Amino acid sequence: MLPFFIDMKTLLFLIAVLSIAACTSTEKIISAPYEERTLDTIAVTASRKEVTLPVYNPSYHRKNDLIHTKLEVAFDWENQYLNGYAELTLQPIFYPTDKLRLDAKGFDIHSISVLGRDTEIPLKYIYNNRKDVFITLDKVYNMGDSFKIAIKYTAKPNELPLGGSAAITSDKGLYFINPLGEDPNKPRQIWTQGETESSSCWFPTIDRPNERCTQELAITIEDNFKTLSNGLLTKSTPNEDGTRTDYWVMDQPHAPYLFMMAIGEFAVAKDEWNGKLLEYYVEPEYAEHAENIYKNTKEMLTFFSELLGVQYPWQKYSQVVVRDYVSGAMENTTAVIFGDFIQMTTRELIDRSDLNESIVAHEMMHHWFGDLVTCESWANLPMNESFANYSEFLWFEHKYGPQAGQKVMRDAINGYMNQAVANKSMHPLIFFGYDDKEDMFDAHSYNKGGAILHMLRKYVGDEAFFKSLNVYLTDNKYNAAEAHHLRLAFEKVTGEDLNWFFNQWFFDKGHPTLQIDKVYDEEEQILNVTIEQTQDFSENPLFILPINMEIFESADREPIKERIMMTSQKQTFAFKVDRLPVWVGIDADRTILGVRKYKQTQEELMHQFLLSSNYNNKIEALKKLKGAQDDGAVRAIFEKALSDPFWSIRVNAIESIQIQENETALIDRIADMAKNDSRSSVRIAAVEKMGTFTNDKLAALASELIDNDPSYGVIGSSLNTLAEVDKSKALEKAESLMDMKNPTILVSLGDLFSDSDSEKYFAFYEKNINELQNYYLFNFVGLYTKYLMNFTPALIQKKMSKMAGMSRSKKVSLWGRYAVSNSMKKIRDNYKGEDGLDIKTIKTSLGMFENQDALGQALAEYRMEPNDNTAKALVDLIPEGKEGDAFKAQFKAYQQLEFYNYLDSQMMQTKAWETNPNLMRMYYSW
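These figures come from a predicted structure and were not determined experimentally.

A. Seen up close, the overall build of the protein chain. A count of helices and strands for the protein chain gives 30 helices and 29 strands. The burial tally for the protein chain puts 56% of its 926 residues in the buried class. In the protein chain, the proportion of contacts linking residues at least 24 apart, taken out of those at least 6 apart, comes to 69%. Entry remark: accessible area of the protein chain is about 40800 Å², with carbon and sulfur atoms responsible for 49%.

B. The arrangement of the sheet that holds strand β1 (residues 64-76) in detail. Here we have eight strands laid out as an open sheet, ordered β5-β4-β8-β2-β1-β11-β14-β13, and mixed in their pairing. With one partner strand each, in any of the chains shown, β5 (120-122) and β13 (232-238) form the two edges of the open sheet. Going from strand to strand, the sheet's axes swing by 20° on average, the running direction of each strand aside. In this sheet, strand β14 (residues 243-254) lies alongside β13 in antiparallel orientation, the contact comprising six bridges. By the bridge assignment for β14, Leu232 is matched with Val249.

C. Broad picture of helix α9 (residues 483-494). The first and last C-alpha atoms of α9 sit 17 Å apart over 12 residues, in line with the 16 Å expected at 1.5 Å per residue. Residues of α9 that are buried: Ala483, Leu486, Arg487, Ala489, Phe490 and Glu491. The inward-facing, buried residues of α9 contact α5 (382-400), α7 (444-460), α8 (462-476) and α10 (499-505). Once α9 finishes, Gly495 follows within two positions and takes phi at roughly 75°, a positive value.

D. Just the sheet that holds strand β24 (residues 526-533), in detail. Within the open sheet, the four strands sit side by side as β27-β24-β23-β29. Their pairing is mixed. Each of the sheet's edge strands pairs with one partner strand only, and the pair in question is β27 (570-576) and β29 (595-598). Direction aside, neighbouring strands of the sheet carry axes that sit 20° apart on average. Relative to β27, β24 is paired through seven bridges, and the arrangement is antiparallel.

E. How the structure looks around the side chain of Ser377. With respect to the secondary-structure elements, Ser377 resides in the loop between β21 (373-375) and α5. The residues contacting Ser377, other than those within four sequence positions of it, are Pro58, Ser59, Pro209 and Phe432.

F. Fine view of a negative patch on the surface. Taken together, the side chains of Asp521, Glu522, Glu523 and Glu524 define an acidic patch exposed on the protein surface. If you trace the backbone, Asp521 turns up in strand β23 (residues 513-521). With a relative accessible area of 30%, Asp521 lands in the partly exposed category.

G. The arrangement of the pairing of strand β11 (residues 213-222) in detail. Most of β11 is tucked away: eight of the 10 residues are buried. Across six bridges, the pairing between β1 and β11 is parallel. Among the inter-strand pairings, Thr69 is bridged to a residue of β11, identified as Gln215. In terms of strand pairing, β11 meets β14 through nine bridges, oriented antiparallel. Within the sheet, the bridge partner assigned to Ile219 lies in β14 and is Asp246.

H. Inspection of the packing of aromatic side chains at higher detail. Within this structure, the stated rule accounts for 51 aromatic pairs. Judged by centre distance (6.4 Å) and plane angle (80°), the ring pair of Trp273 and Tyr312 falls under edge-to-face. Of this pair, Trp273 sits in strand β16 (residues 267-273) while Tyr312 sits in the loop between α3 (297-308) and β18 (316-322), and the two are 39 residues apart along the sequence. Judged on exposure class, the residue Trp273 and its partner Tyr312 are both buried. By the ring-pair criterion, three or more aromatic residues cluster together here, those being Phe753, Tyr761, Phe762, Phe764, Tyr765, Phe780, Tyr784, Tyr787 and Phe791. The ring of Phe609 carries Lys618 above its face, with NZ or CZ at 4.3 Å from the centroid. Positioned above the aromatic ring of Phe762 is the side chain of Lys799, whose terminal nitrogen or guanidinium carbon lies 4.4 Å from the ring centre.

What counts as what
- Residues numbered from 1 in each chain as written.
- Predicted model: local features only at pLDDT ≥ 70, side-chain atom pairs only at ≥ 80, totals over all residues.
- Heavy atoms only, no water.
- Helix = DSSP H or I, 4+ residues; strand = E, 2+ residues; numbered from the N terminus.
- Buried < 20%, exposed > 50% of the residue type's maximum accessible area, 1.4 Å probe, protein only.
- Contact = heavy atoms within 4.5 Å.
- Areas by Shrake-Rupley, 256 points an atom, 1.4 Å probe, with all protein chains shown as cover.
- Pairing = 2+ DSSP bridges.
- Axes fitted to C-alpha atoms, helices over the stretch in contact; angles between N-to-C directions.
- Expected span 1.5 Å × (residues − 1).
- Patch = residues over 30% accessible without salt bridge, like charges linked within 9 Å, V, L, I, M, F, W, Y side chains within 5 Å.
- Salt bridge = Lys/Arg side-chain N within 4 Å of Asp/Glu carboxyl O.
- Lys, Arg positive; Asp, Glu negative; His and termini not counted.
- Charge placed at Lys NZ, Arg CZ, Asp CG, Glu CD.
- Phe/Tyr/Trp six-rings, centres within 6.5 Å; stacked < 30°, edge-to-face > 60°.
- Lys NZ or Arg CZ within 6 Å of the ring centre and 35° of its normal.

As structure tokens, then:
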């Protein structure tokens, strides 16, 4: 475009001159896109309201194709540096070019050159912002030409600016754990985390999801360490200096964010599946538990391969647990990394095997959806995560029955609803308008996306659904894809135009709210069902909804099954039935993602529980009937639910059933469930229920469970129950368990001891406060604080000085520092105004922040904003008159405490750690 102020005479003259120049040139001219330059802009203010384009985050514009990456890396543990050498093989995508842009974050670049057959030519480059390196090549390369770039560099991940999100709490790419071995309770490790674009923190690359290449990685490390990377270990060479170089080769292309390495003193259990190597990396003390930690890996590989009709496509399958991981788990191709919250003994897994299984399934499914076919852009992240989320449903449905899968889906939908409704946060599933790519890692991409896939499956049918997934994977393997590729695969298989489905569920936001009413006309024998969509249409579209119906004319007859199609805001559907139905299942399989308002009578709810096989219908009926147990028929429903084949319904029945003190037979039944139910969560619910009413058998029951039950959760609950009826007996039992290392038991003991005024428990608290991690540490510190406040101010002040050291120690996790700081504030507030405790003296003795600079440094270390709750707790500890301008300090918004507060409310108020593996995974990864 030419500036608008050039007049026509001048324009014609310029055209003539340019035409003459073109005609007289003897040099070959090649058409190419313009070079990108940044020019000064001129703002023009219009008289009317300015119209702007919406935010749009496009797929990365690829100019050069990264074909192969060869890396050689060694480490400086003391400085936490990686010394690296990279050879990158590339070629132009289409247009000729003599330019190359690479992602390289925070490096010292020592040299860049282009490698010929026998030559190495230094290249000019610009690396001003230590983020992108712009290289001028030695010549113009055309499509089909390849060139090889060599880069010598040092990566310094700890010198990068802080970044991250709620889902992936740090983005520095490369992590040294306990690098100098100063913490005796933590192993020395090195590991990486590439997603979203953090691989370029440890090697130069084109760090975008629509790029992919093969790789070689040579890792030089001290000989006592084991290494893991993508692909296969092809050789391992001892070096004269006591190090060893392991050589890993990945000969199938994958995205740079999936590159990985993990280094540590691991124990490795090996197995084989279909001729491919399986590896289970754990810390040595967990060696005998390795296969149980990664439960059912072999069976899952077979199941997903057969279900998708695409055999697991990679060379091997390895899984590793690392310390201080910044996410829950990561699907690095052939080498999955997990946070250490899944690393448990076989006995500990009794209470949490579902969590491990769901995560193993999730990361495994990514090897098809994410690794084999990768999202083209972060806006298309659901093309990775929705399938991984749905795999959890698929696995539990296959392994443990339909209700187990339905429970997984219900929990996932609740997670989405918490975000969309409770937090009023909705956006399209495929969301090009995000503020930050990290925002895509939310309950939309995971939970909502999985529910949408389930709706699509129910609409087209199982055979067409899985055939369509096969076509999608086959047609797009080793490539990047977006949602339209999925739509086209389904249309190819079904022959149906599915834009209506994808437009409303993938490319629009929100969900329907359904108001459901029904009327039976006895004279005409017509059942009229009226469904109205009542969602806010300024925030949600009007949905086209296929709805499955089940109409039960009586309890002893098979239902009438119909599918209706809702295409208007309000519609009435008429059904010819012989009599007034005892129950009408509208969306009977509870497939539709949305809010429904369906008023039913007590009798209908009872039939809903008895006639429906769907978990959601049964749980909903129990919840709505809970307050009507004075009715004998309703009470019979709850007693029947105590024997339900599915454990979660038994748990709900135990928690909801109302028992009178004189109902000895029912009390005995609950006691029997506490001892003999096959599911530990049912036994936990039963022993806790026993504690809600007086019973002379309770102390004996609780003692028996403490002595004999294999579940740590049951033991912990039994201790709490025993304490309600015989505190001295509970303390006696607790003291016999003090050497146990299980965190569930330690927290239970900490709870029991917290009311004591005996100093003999200080050793217990002080020992374990340094060993517990994550949420357990957070709870334990709170209990220690409660215990501490039973003593004199002088003793409190002495003990508090130790806690202050924890609050500033980099050896202590974010959880621990937050917990300790919060505890100090609680103690200060509790004793404020008491003559026996000098608040100013405590502040000074704690060595807390004497000025705003120290506060700023502390807040930066805590990675929190100065207006969040923890920062406020720290600010409260600044001596009077030293506050200065602390609140003007500017830090990147992590919103971690907001995330914690949401999760804490879910975990503590709903016991979601027993019922929601997705929430549990997020909670522990945070």
